[in-house]
Amino acid sequence: MRAVLGDPVVLGGRTAPARVLFGPHVTHLADPRRPRALGPGHVAHYRARAAGGTGVIVTEVASVVAGDHPYEDAPLAAECGPGWSAIAEACRPALVLAGLGHAGGQGSSAHTRGPLHAPSPVPDPASGEVPAALDEDGIAAVVAGFADAAAAAVAAGCDGVEVAAGQHALLRQFLSGLTNHRDDAYGADRALLLVEVLAAVRAAVGSAVVGLRLTVDELAPWAGVTPASAREVLGRVAHLVDVVVPVRGSALSVGATRPDAHTAPGFLRGTVRSVRVDGVATVLAGSVVDPALADDVLASGDADLVEMTRAQLAAPDLVATVRGGAVPRPCVLTNQHCRVRDVRNPRIGCTVAPAVTATGPTVEPVLVVGAGPAGLEAALCLARAGVPVRLVERDDAPGGLLRHVAGLPGRERFARLVAWYADELGALGVTVALGTSAEVPAAGRVVVATGGVDRPGRATPIAAALSHGVPPGPVVLDDPLGDGAAVALAERLAADGREVAIVAPGVLVGPGLARTGDLVDAQARLARAGVRRVTEARVTGRSADAVTVADVVTGATTTLPAAVLVDAGPRRAPSTPAPRPGLHVVGDAVAPRTVAEAVREGRVAARELLA
Amino acid sequence: MTGPRVMGLGDPVRLGPRVARNRIVFPAHLTNAAVARRPTPQHAAYYGARAAGGAGLVITEEQSVDPADRPYEKLVDGTDPAVVPGYRAIAEAVHAHGALVVAQLGHNGGQSSSLYSLTPVDGADDEPDPMFREVPRPLSDAGLARLVDGFGLVASHVAAGGLDGVEVQCSQASLIRQLVSSRSPRALTFLLSVLRAVREAIGPDHVLGVRVQGDEGVPGGLTAADAVAVARAVEAHVDYVSTAVGVATRTLPMIEPPMGVPAGYAAHVPSAVRAAVSVPVIGVGRFTTPAHARDTVRAGDCDLVGVVRGQIADPAFAAKALRGERVRRCIGCNQECIARVGLNQRLGCAVNPSAGREAANDLAASPRAESPVARVLVVGGGPAGLAAAVSAARAGHAVTLAEASDVLGGQLALAARAPERGELAHAVADLAYEAREAGVAVRLRSPVTSAGDADVVVLATGARPAVPDWDARVVDVTEVLAGRVAPGGRVLVVDAGRGHAATSTAELLARRGAAVTTVTSALVAAGDLAPTLDRERWRRRAADLGITELTDRVVLGARDGVLDLLHHLTGVRETWTPDWVVHAGPPAPYVPELVTDVPVVRVGDCVAPRDLDAAIREGTGACEQFGPL
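None of these values were measured; they are calculated from a predicted model. (Residues numbered from 1 in each chain as written. Chains lettered and ligands numbered in written order. Predicted model: local features only at pLDDT ≥ 70, side-chain atom pairs only at ≥ 80, totals over all residues.)

**A few points about the interface of chain B and chain A**
Now for step 1: Counting from both sides, the interface comprises 35 residues of chain B and, opposite them, 39 residues of chain A.
Now for step 2: The element that contributes the greatest number of residues to the side of chain B that touches chain A is helix α18 (residues 535-545) of chain B, accounting for four residues.
Now for step 3: Classifying every residue of the side of chain B that touches chain A by side-chain character gives 19 nonpolar, five polar and eleven charged. (Contact = placed C-beta atoms within 7 Å. Helix = DSSP H or I, 4+ residues; strand = E, 2+ residues; numbered from the N terminus. Nonpolar A, V, L, I, M, F, W, Y, C, P; charged D, E, K, R; others polar.)

Here is the structure:
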């Protein structure tokens, strides 16, 4: 069937070359010397997606007033003119909309060192900080800020703007009974500010595209925005906007806006259908990562465009690839490297698509030992460059540890990644020699991607628990690292009716999930599944049917029933051949870490071999 | 040992080829002032201010010797030759005021992350760090040799920048400490190679110091005896030895202890080292007043005394100490210098709003001859009002401060009544002292209804409790702290706000014999105490007092004294029937009716109820908002 996501679509009189949108997101790509401007890093980021065929690009949300400074390098509209120009220039024929917003009470006072401003003095659950209620002058400044920024963006060459009333947005806070307790006109009519802003923006930009990112479900029906209330708001503003991107989530549910794979792709489809209004192009956002789903949505008429932000982080050339009849590199929805609204300012990245270019002249044959993610990526990059590759795998299937991780709840998409690698390699004529062990030769070009090994100990290593299952009886998972694997294993065991406890040294189990946005949801799933979370504790003793744990601060001990103790602690690198030219050791064979490091190092090895 | 040593804080001390003018050191600490991994004008202004304030020796924050070593974003990469102009600016700023300045060099080893480098973490072994939780790649001998070169390269940049020397960190966050701690036979060889490489780079006319690790606070970890052994092994190569306790990624509260930890808690380390080596020894350990600093030197614990937070709070600490004057004291709140820095933000100080912003110089409270003297009425004697009064009076205005109650300090004074929080009162006392010295007329028991003859009014009236409308015996924490009620029996403390209010009150009541349970909707009990490093001590005390902590629960309401709780993760409902409910939640701004036609400036909690630092900062900056009078 012909893909329709690659068809053009008209928005506000301008033609987008495809029905796919690359949504606004935090990038930390700014030059630290000009932290509030859009710089060359941004231009390259958006250019790659435009070159890959995307239809609409919405740039990282820029604050419309200087008092809003939600993160250190949050763009400020007043400093974005040159950046918007460069992006618009670099991205043609894609339409470029400037993301404009104000984070309100969900901002940060760290950089302005002044109070936050919000509809009412309701503290944000994340920071606990009480904001000051915006007064009339402040509201007027916000309206003017949106209008001025919109005019500047269009003057800079953007095709239009997208107004932020979704997650992290003052305009949503005004719309919501959770955060708007005002007794003035802006409380009596909670949509008044949005209407004023959109009217001012429309007046400022004339016929350019006006987009609206709108929360249509705060998942808090007792006071928050609901699809019904949002539908009414959309009806009121329909004459002012050309395109709307419905999203979900409030300050109480930030993780629900761009969730990981625990939430089904396309989860907003039904909601979007119910809030659509005539005359406004509607975009389905929300974990739309598979071209097949996107096509189905578009063909069915449930939406006019699809937002595929994370899918285009994994595959910048998604639209072009689909047009060419091929399958793009799949997004695995782990959120490990793309969810970077994080005070540490990590640059945006992708678990499966490292920012490393591995191309070069064809070289002599390469032996890749191990078909886990590191070996698969190295082999694929080399094969694509025309290098004869021999890929051997000791196991009877490719994927390494990922095969087993893919059996855990919320991690199923890793199987898709492994299958994609195998298909891509097969299309290039590379077969994985399964059930084959290879000695690493003393000469020649070799990539060693043999993975990690278990540490010796009396407990059941987590890798063995994943691949071979866990013997009967109560299970205690000793999880000193907290990268999420133990949490997922506990969920699976609990779903099988097992009695499970996780012991963690920190204040929460699975602290590594903070990065993926799943930390809070994971605690809730574990609590509902009856998994005992023993925090600020370490395992100090073990008998045939019990494990003793001690509080890391007070030393108080607790005994947990345990027929099985699973060691989810660090694995170890195997001994590898002595370094020599042409030999590249990658992934867990260097130091056991996550799939992202494995893929990255596989590609780095290929780059070095091709150099 | 070479005979009795000079014991006065103000006595000069020889550090190899150079002489420090006194014994007060501003030791290395993170500032997050770097931009693009280079030192900035803020570094120069920051260190320069402490030199101007009288410090004898300034030691910069760590400069990394390997571009891939980057546990936090704003770590300076000393290997980049582009750092040299920044070093030169620091040297000039410090030398202009007669102090010495050395750069600390280090490598964080396994106490790091690949978040920025995107390459494997290089560690002493493959044990993951407990904070970063990432399995390192053990450094090979060739890898260590490369790092020796890195130390030499950065040392050459330091010398080129005109600093007085180098300090090699082997302590809180250091590959060298990791090697020593794991009893690696490579440890001393590597350290000696590093010292030789640095000495070769800087020559005999620059100072070379080393910071050694004493007590790690970890079972089986390093102790003072290990610090002595390392110090002895390197003594012949260095001009001074500095000391440290605690591991930055494991036992951080030992390094930067919060209020309640006594001065000199770490003195056993420098005193043991000092007894064993003949080079000068620097000691550290919460020396927040001149008396603390003087006493530890006089007692012979160390030759020089490191004062970090004391000099952040009062840049003129050293000069005032030597003159016998009173300083604005560090209160050990750790809000701005520790918690903020841990969040990748610029260092600040709750009691000194200029700290961390020296280059901007936007809160300078200097008299402005061109502006006319105004009659300023400050309403409210909490920290915001006191700070406003001080800065207005110093700017030359005629200031009256009116406080409705019979004491100064507002909520800060109340908070100081809780166990282990008494040092908060130092901030009130120091501001009140400065207000008197600056000529502020302080009027207690003076509610204000009109501006009187004032030309400008500063409203610093704070916030008032917002107690929920539950059908139970509910009181606000401030009522308890003020002593107006004395809950006993079974007490449920509802932590619905942030900070210490709930935990402090819970502890106060438990000490009085109440059976206390705390409840929070957060996933972690007393979570706000972690960033300021108060949480560990709180947990020990709470355990000793039998305080029970409930998490993940929202109080939905109460009827006939029975509270209805929702465990929000599971949806399970519970009831709770305490004798008293003590509520700690966000208060509401309090803005009194005021009949006036003169300009009114609002500062602190009456704008939006926030932390101590916001109150003092806005109060201090109030003058800037006066506008034309």
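That was the structure; now back to the text.
**Overview of the UniProt feature "domain: NADH:flavin oxidoreductase/NADH oxidase N-terminal" (unreviewed entry) in chain B**
Now for step 1: The residues that UniProt annotates with the feature "domain: NADH:flavin oxidoreductase/NADH oxidase N-terminal" (unreviewed entry) are residues 11-322 of chain B.
Now for step 2: Annotated as residues 11-322 of chain B, this span is 36% helix and 17% strand, and its ends, taken at the C-alpha atoms, are 10 Å apart. (UniProt positions renumbered as here; feature names shortened; annotations may be inferred.)

**Some details on the domain arrangement of chain A**
A common way to report how large an interface is uses the accessible area buried once the components associate.
All names here are of chain A.
Now for step 1: Assigned domains of chain A: these are domain 1 (9-323), domain 2 (366-453 + 572-610) and domain 3 (460-567).
Now for step 2: One C-alpha centre belongs to domain 1, the other to domain 3, and the line joining them spans 39 Å.
Now for step 3: Facing the four residues of domain 1 at the interface are five residues of domain 3.
Now for step 4: A breakdown of the residues in the side of domain 1 that touches domain 3 according to their chemical character gives one nonpolar, two polar and one charged. (Domains from an automatic or database assignment.)

**With respect to the UniProt feature "domain: NADH:flavin oxidoreductase/NADH oxidase N-terminal" (unreviewed entry) in chain A**
Now for step 1: Under the feature "domain: NADH:flavin oxidoreductase/NADH oxidase N-terminal" (unreviewed entry), the UniProt entry names residues 7-323 of chain A.
Now for step 2: Structurally, residues 7-323 of chain A is divided into 34% helix and 17% strand, and its ends, taken at the C-alpha atoms, are 9 Å apart.

**Notes on the sheet that holds strand β21 (residues 532-534) of chain A**
All names here are of chain A.
Now for step 1: Strand order in this open sheet of five strands is β18-β25-β19-β20-β21, and the pairing throughout is parallel. At either end of the open sheet lies a strand with only one pairing partner, and these are β18 (460-461) and β21.
Now for step 2: Across the face of the sheet, helix α16 (residues 485-495) comes into contact with β19 (475-478) and β20 (500-503) while running at roughly 170° to β20. (Pairing = 2+ DSSP bridges. Axes fitted to C-alpha atoms, helices over the stretch in contact; angles between N-to-C directions.)

**Overview of the sheet that holds strand β17 (residues 456-459) of chain B**
Residue and element names in this part refer to chain B.
Now for step 1: Pairing within the open sheet is parallel, and its five strands lie in the order β16-β15-β14-β17-β28. Edge positions in the sheet fall to β16 (441-443) and β28 (600-602), since each has one partner strand and no second. Neighbouring strand axes in the sheet, compared pairwise and without regard to direction, differ in orientation by 20° on average.
Now for step 2: When strand β14 (residues 375-379) meets strand β15 (residues 398-402), the two strands line up parallel, connected through five bridges.

**Topic: the domain arrangement of chain B**
All names here are of chain B.
Now for step 1: We note that the domain assignment places domain 1 (18-342), domain 2 (375-464 + 588-625) and domain 3 (474-584) within chain B.
Now for step 2: Relative placement of domain 1 and domain 3: their C-alpha centres are 40 Å apart.
Now for step 3: Taken together, the contact between domain 1 and domain 3 spans twelve residues of the former and six residues of the latter.
Now for step 4: Within the residue set of the side of domain 1 that touches domain 3, elements represented by two or more residues are α7 (252-255) and α12 (335-342).
Now for step 5: In terms of residues, the side of domain 1 that touches domain 3 owes the most to one element, α12, which gives four residues.

**Considering unusual backbone geometry**
Now for step 1: A cis amide bond links Arg92(A) with the next residue in sequence, Pro93(A), at an omega value of 10°.
Now for step 2: On the secondary structure map, Pro93(A) appears in the loop between α2 (81-91) and β6 (95-101).
Now for step 3: We note that His28(A) has phi near 55°; this positive angle belongs to a residue other than glycine.
Now for step 4: Topologically, His28(A) is positioned in the loop between β3 (20-22) and α1 (40-51).
Now for step 5: For Asn334(B), which is not a glycine, the phi torsion comes out positive at approximately 60°.
Now for step 6: Here Asn334(B) shows up in the loop between α11 (317-323) and α12.
Now for step 7: On the basis of neighbour count, Asn334(B) is assigned to the buried category, with 24 C-beta atoms found within 10 Å. (Buried ≥ 20, exposed ≤ 12 C-beta atoms within 10 Å, placed from the backbone.)

**A closer look at the environment of Val10(A)**
Residue and element names in this part refer to chain A.
Now for step 1: With respect to the element layout, Val-10 can be found in strand β1 (residues 9-11).
Now for step 2: Its 11 C-beta neighbours within 10 Å are what place Val-10 among the exposed residues.
Now for step 3: Measuring from C-alpha to C-alpha, the distance between Val-10 and Leu-367 comes to 50 Å, with 357 residues separating the pair along the chain.

**Examining the confidence of the model for chain B**
Residue and element names in this part refer to chain B.
Now for step 1: On average, residues of chain B carry a pLDDT of 95, and 97% of them reach 70 or more.
Now for step 2: In the model, residues 1-6 has pLDDT below 50 throughout and makes four contacts with residues more than four positions away in sequence or in other chains.
Now for step 3: Prediction confidence for the complex, expressed as pTM and ipTM, is 0.96 and 0.95 respectively. (pLDDT = per-residue confidence, 0-100.)

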